[in-house]
Amino acid sequence: MDITQIDDGDATVLVLVGRLDGGTAPQLGTKLDTVVAQRPGVLVLDLDGVDYVSSAGLRVLIVVAKQVREPGIRLALCGLRAHVRELFDISGLAQVFDIFPDRVAARDN
Amino acid sequence: MPRLTIELANRIEEVRRLVETTEDFAQNGGVPPAVVARFALALDELATNVISYAFNDDLAHIIQVELALEDGRLSAELIDDGRAFDPLQADAPDMAAALDDRPIGGLGIHIVRKTMDVVRYQRDGNKNRLTIAKVIG
């Protein structure tokens, strides 16, 4: 998966492109560890370019949701495709994450 | 009656090939994209489970996947020679639980149960057989 980091004031946006599955989840997990250690005020994960998510990918997102609590980083997701959003609904994660339509809304809310 | 058999080595990188081969098979059979996506994901979850948990030696194993598209139904059977393990017996995760109370495991099987019409496990001699099927609406 391609991960592009955009630092924008106190917000860090990670633009994800590709598949988020058991093969790529460790790569994202490593990147998230690094970004969380930098303690941005807001961490936005843009999933608009992600056309496939498995439970291995969801697990990485659950892990980062726990990691951001103690340093007080606000975590926001955006750009979920319809079938990816469906997966969040099925697994009850839609209530756990703050989900926005796009990057700007995710950063500013 | 399209059918296809795929043999996977017990390595996690093989799951991608399974997903892509399954997507091609179903798309070529005219299965709607939303069904293709759910079905391929369900197979990913089961195969990932088998590769991660079924084998307690360091040996190479083959997981056989038989795809079939017939009678308005897309189905797959996964056959492995790992230890007897019925993933359907695993506790369902509590979907209303707060983040801290959520078990990390069980999510994949939950997704399979929610998205497939048939999910079945059988122990057959020294083999595990997992079957999933989705009716094409």
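Above this text you will find the structure in question.
Only a predicted model underlies this, so the values are computations on that prediction, with no experimental measurement involved.

This brings us to empty space enclosed by the protein. One pass over the full model with this rule turns up four cavities of 30 Å³ or more. Looking at the largest cavity, its volume works out to about 120 Å³. Surrounding the largest cavity, Asp51(A), Tyr52(A), Val53(A), His83(A), Val84(A), Glu86(A), Leu87(A), Ala37(B), Arg38(B), Leu41(B) and Thr115(B) form its lining. Broken down by element, the lining of the largest cavity gets its largest block of residues, four residues, from helix H3 (residues 82-90) of chain A. Each residue belonging to the lining of the largest cavity can be placed in one class, and the counts come to six nonpolar, two polar and three charged. Estimates place the volume of the second largest cavity at around 60 Å³. Contributing to the lining of the second largest cavity are Leu46(B), Asn49(B), Val50(B), Ala54(B), Asp80(B), Phe85(B), Pro87(B), Asn128(B) and Leu130(B). Breaking the lining of the second largest cavity down by element, the ones donating at least two residues are helix H2 (33-53) and strand E5 (127-135) of chain B. Element by element, the count of residues in the lining of the second largest cavity is highest for H2(B), at three residues.

A separate point is the sheet that holds E5(B). Residue and element names in this part refer to chain B. Read from one edge to the other, the open sheet built from five strands follows the order E1-E2-E3-E5-E4, with strand pairing classed as antiparallel. Since the sheet does not close on itself, it has two edges, and those belong to strand E1 (3-9) and strand E4 (118-124), each with one partner. Going from strand to strand, the sheet's axes swing by 15 degrees on average, the running direction of each strand aside.

This part is about the interface of chain A and chain B. Taken residue by residue, the interface counts 21 residues in chain A and 20 residues in chain B. Between chain A and chain B, a total of about 2000 Å² is buried, with carbon and sulfur atoms accounting for 59% of that surface. Considering only the surface of chain A that becomes buried against chain B, Arg19(A), Tyr52(A) and Ile90(A) emerge as the three largest contributors, covering 27% of it. On inspection of chain A and its partner chain B, the count reaches three salt bridges. Put simply, Asp21(A) and Arg16(B) hold a salt bridge, and the shortest N to O gap is 3.3 Å. Seen at the junction of chain A and chain B, the total is six residue pairs in polar contact (both at pLDDT 80 or more). Broken down by element, the side of chain A that touches chain B gets its largest block of residues, six residues, from helix H2 (residues 55-67) of chain A. Tallied by class, the residues present in the side of chain A that touches chain B amount to nine nonpolar, six polar and six charged.

What follows deals with helix H3 (residues 107-115) of chain B. Each full turn of the α-helix corresponds to 3.6 residues, which orients residues three or four apart in the same direction. Among the nine residues of H3(B), seven are classified as buried, and the element is accordingly described as predominantly covered. Leu107(B), Gly108(B), Ile109(B), His110(B), Ile111(B), Val112(B) and Thr115(B) are the residues of H3(B) that are buried. Tucked into the core, H3(B) has its buried residues touching H2 and H3 of chain A together with H2, E4 and E5 of chain B.

Below, the discussion takes up the pattern of salt bridges. All names here are of chain B. For the structure on display, the rule yields 13 salt bridges over all chains. Here Glu-77 and Arg-129 are joined by a salt bridge, their closest N and O atoms 3.2 Å apart. Here Glu-77 is found in strand E3 (residues 73-80), whereas its partner Arg-129 is found in strand E5, with 52 residues between them in sequence. The salt bridge partner of Asp-124 is Arg-129, with a shortest N-O separation of 2.6 Å. Asp-124 gets classed as partly exposed once you look at its relative accessible area, which sits at 35%. Residue Arg-129 is classed as partly exposed on the basis of its relative accessible area of 22%.

Here the focus is the environment of Val64(A). All names here are of chain A. Here Val-64 lies in helix H2. Classification of Val-64 by relative accessible area gives buried; the value is 1%. Setting aside residues up to four positions removed in sequence, Val-64 forms contacts with Leu-32, Val-36, Leu-43 and Leu-75.

Thresholds, definitions, all that
- Residues numbered from 1 in each chain as written.
- Chains lettered and ligands numbered in written order.
- Predicted model: local features only at pLDDT ≥ 70, side-chain atom pairs only at ≥ 80, totals over all residues.
- Heavy atoms only, no water.
- 1 Å grid on protein atoms, 1.4 Å probe; cavity = no way out; pocket = protein on both sides within 12 Å on 5 of 7 lines; lining within 4 Å.
- Points joined across faces, edges and corners; volume = space filled by probe spheres on them.
- Helix = DSSP H or I, 4+ residues; strand = E, 2+ residues; numbered from the N terminus.
- Nonpolar A, V, L, I, M, F, W, Y, C, P; charged D, E, K, R; others polar.
- Pairing = 2+ DSSP bridges.
- Axes fitted to C-alpha atoms, helices over the stretch in contact; angles between N-to-C directions.
- Contact = heavy atoms within 4.5 Å.
- Buried area = accessible area lost by both parts, 1.4 Å probe.
- Salt bridge = Lys/Arg side-chain N within 4 Å of Asp/Glu carboxyl O.
- Polar contact = N/O pair within 3.5 Å; in protein donor to acceptor, adjacent residues only side chain to side chain.
- Buried < 20%, exposed > 50% of the residue type's maximum accessible area, 1.4 Å probe, protein only.

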